[in-house]
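What follows is each chain in one-letter form.
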Amino acid sequence: MQLRINNLSKTYSNGKQALKDISLTIDNGMFGLLGQNGAGKSTLMRTIATLQDADQGSILLDNLDVLRQPEEMRKLLGYLPQDFGVYPNVSATEMLDHIAGMKGISIRKERQEAVQELLQRVNLYDVRHRKLSTYSGGMKQRFGIAQALLGNPRVIIVDEPTAGLDPLERNRFYNLLSEIGSNTIVILSTHIVEDVSTLCNDMAIIGGGSVLQAGSPSEIEQML
Ligand code: ADP
Ligand code: ADP
């Protein structure tokens, strides 16, 4: 699949222009969106995830007009927001089962199988009955990836997923992301250069709401 972002602009109602004429083409594989705090990464991610509107421009996923067909986009999407909320009094199993239901996996047995498979994949199976509130930061992020992967999405958006993780947990998280199939688009936003150089085949540097550079990590390194 291919995601094409064309001339996307967004000004918030307080007058802050968060996106300025952003154009990017994103193919299957890992794409890194590198930028400092306030660069516009979350705004762009939320717009692709159809959680907020742009003022101008379009987003196409192959032939799907993402901003005009948000329900269709959501069926294809897995999203781990930066401020992913945790639900203190439920276990990982309960929460994933609930999210699987919301994603339309209506057959109970199918849901249970999908949830078990994911818990094993993110290495949380042994702690699946513990309340999410007792999880460490790294465990919470692995849980966050599990919920994003439910329903086999074709586009996965992860917003600043490694911020605050220690080196061991960051490596575990890298391994998880690198195991996602190569026929999936994964967009990773980060302010950590190592995240993109380790994981991504393509990347863009975003600053002040604009694309400053786009290319492979090695191409961009040469330009810097
Ligand atoms: P829109 O222009 O898309 O309608 P708003 O300006 O109404 O967006 O803001 C949406 C929400 O984001 C509001 O709840 C607002 O308080 C909050 N918000 C405002 N400024 C910021 C900021 N700098 N960073 C993050 N959230 C903010
Ligand atoms: P990043 O994810 O790269 O840190 P954001 O997309 O969160 O960047 O923010 C881009 C700019 O838009 C920042 O200046 C931020 O303060 C502002 N901003 C973000 N959300 C809102 C909002 N809801 N209302 C007003 N301003 C916002």
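Here the structure is a predicted model, which means the values were calculated and not measured.

## Observations regarding the overall build of the protein
Item 1. Helices and strands together make up the secondary structure of the protein, namely eight helices and 10 strands.
Item 2. A globule of 224 residues ought to have a C-alpha radius of gyration of about 17 Å, and the protein, at 17 Å, matches this closely.
Item 3. The principal-axis extents of the C-alpha atoms in the protein amount to approximately 45 × 40 × 35 Å.
Item 4. For the protein, buried positions account for 48% of its 224 residues.
Item 5. A separation threshold of at least 6 residues defines the contact pool for the protein, and within that pool the share at least 24 residues apart is 66%.
Item 6. Carbon and sulfur atoms make up 45% of the accessible area of the protein, which amounts to about 11,000 Å² in all.
Item 7. Between the centroid of the 22 positive side chains of the protein and the centroid of its 25 negative side chains there is a distance of 6 Å.

## Some details on the site of ligand 1
Item 1. Surrounding ligand 1, one finds Lys10, Tyr12 and Ser13.
Item 2. Side-chain polar atom of lysine 10 to an oxygen atom of ligand 1: 3.0 Å apart, as the coordinates give it.
Item 3. Between ligand 1 and serine 13 there is a distance of 2.6 Å, counted from an oxygen atom to a side-chain nitrogen or oxygen.
Item 4. Out of a free accessible area of 560 Å², ligand 1 has 24% covered by protein chains.

## Overview of the sheet that holds strand S1 (residues 2–11)
Item 1. The strand order across the open sheet built from four strands is S2-S1-S4-S5, with neighbouring strands paired in antiparallel fashion. One side of each edge strand has no neighbouring strand; the edge strands of this open sheet are strand S2 (17–27) and strand S5 (64–65).

## Looking at the site of ligand 2
Item 1. Taken together, the neighbourhood of ligand 2 is formed by 13 residues, with Gly38, Gly40, Lys41, Ser42 and Thr43 sitting nearest.
Item 2. For ligand 2, an oxygen atom lies 3.1 Å from a polar atom in the backbone of alanine 39.
Item 3. Within the backbone of glycine 40, an N or O atom sits 3.0 Å from an oxygen atom of ligand 2.
Item 4. When ligand 2 is considered free in solution it has 560 Å² of accessible area, and contact with the protein chains removes 68% of it.
Item 5. With four residues, the single largest contributor to the shell around ligand 2 is helix H1 (residues 41–48).

## Some points on the environment of threonine 25
Item 1. On the secondary structure map, threonine 25 appears in strand S2.
Item 2. Measuring from C-alpha to C-alpha, the distance between threonine 25 and leucine 60 comes to 9.6 Å, with 35 residues separating the pair along the chain.

## Re the packing of helix H3 (residues 92–102) against helix H4 (residues 108–121)
Item 1. Relative to each other, H3 and H4 sit at 130°, their axes nearing to 9 Å. Our classification of the angle between H3 and H4 gives oblique. Two packed elements cross with a definite hand, and for H3 against H4 that hand is right-handed. The segment H3 lies against H4, with Ala92, Thr93, Leu96, Asp97, Ala100 and Gly101 engaging Arg111, Val115 and Leu119.

## Focus: the pairing of S2
Item 1. As judged from the seven bridges shared by S1 and S2, these two strands associate in the antiparallel manner. Bridge pairing in S2 links glutamine 2 to aspartate 27.
Item 2. In sequence, S1 turns back onto S2 through a hairpin of five residues, with glycine 15 there showing a positive phi of about 95°.

## Some remarks on the sheet that holds strand S6 (residues 77–80)
For sheets, the rule is that strands pair by backbone hydrogen bonds, running either parallel or antiparallel.
Item 1. Pairing within the open sheet is mixed, and its six strands lie in the order S6-S7-S8-S3-S9-S10. Each edge of the sheet is formed by a strand with only one pairing partner; in this case those strands are S6 and strand S10 (210–215). Between one strand axis and the next, the sheet turns through 15° on average, direction left out of account.
Item 2. Of the pairings in the sheet, the one linking strand S7 (residues 155–159) to strand S8 (residues 185–190) comprises five bridges and is parallel in character. When the sheet's bridge partners are listed, aspartate 159 is paired in S8 with serine 189.

Rules behind the numbers
- Starting from 1, residues in each chain are numbered consecutively following that chain's sequence as written.
- Labels are handed out in written order, letters beginning with A for the chains and numbers beginning with 1 for the ligands.
- Only residues with pLDDT of at least 70 are given local features in this predicted model, and only at 80 or more are side-chain atom pairs given and counted; all residues enter the totals for whole chains, interfaces and linings.
- Think of the side-chain values as coming from all heavy atoms in the structure, minus any hydrogens and water.
- A run of H or I in DSSP becomes a helix once it reaches four residues, and a run of E becomes a strand once it reaches two; helices and strands are each numbered from the N terminus.
- For this measure, only C-alpha atoms enter the radius of gyration; the expected value for a globule follows 2.2 Å times N^0.38, where N is the number of residues.
- Categorising residues by exposure relies on relative accessible area from a 1.4 Å probe, with only protein chains included: less than 20% of the type maximum marks a residue as buried, more than 50% marks it as exposed, and the intermediate range marks it as partly exposed.
- Whether two residues touch is decided by their heavy atoms; if any such pair falls within 4.5 Å, the residues are in contact.
- Residue-level accessible areas treat just the shown protein chains as cover; the underlying method is Shrake-Rupley with a 1.4 Å probe.
- Here Asp and Glu are counted as negative and Lys and Arg as positive; His is not counted, and neither are the chain ends.
- For this purpose, a charge sits on NZ of Lys, CZ of Arg, CG of Asp or CD of Glu.
- For this purpose, a residue is taken to be near a molecule or strand whenever a single non-hydrogen atom of the residue falls within 4 Å of it.
- Distance and chemistry together define a polar contact, namely a pair of N or O atoms within 3.5 Å, with one atom able to donate a hydrogen and the other to accept it when in protein, and with adjacent residues in sequence counting only for side-chain atoms on both sides.
- In this analysis, strands are considered paired if DSSP registers two or more bridges between them.
- Throughout, an axis means a line fitted to C-alpha atoms (over the contacting stretch in the case of helices), and angles, computed between N-to-C directions, take values from 0 to 180 degrees.
- Just so you know how the angles are binned, under 35 degrees is roughly parallel, over 145 roughly antiparallel, 65 to 115 roughly perpendicular, and the rest oblique.
- Note: crossing handedness is left-handed where the near helix turns anticlockwise from the far helix by less than a right angle, and right-handed where it turns clockwise.

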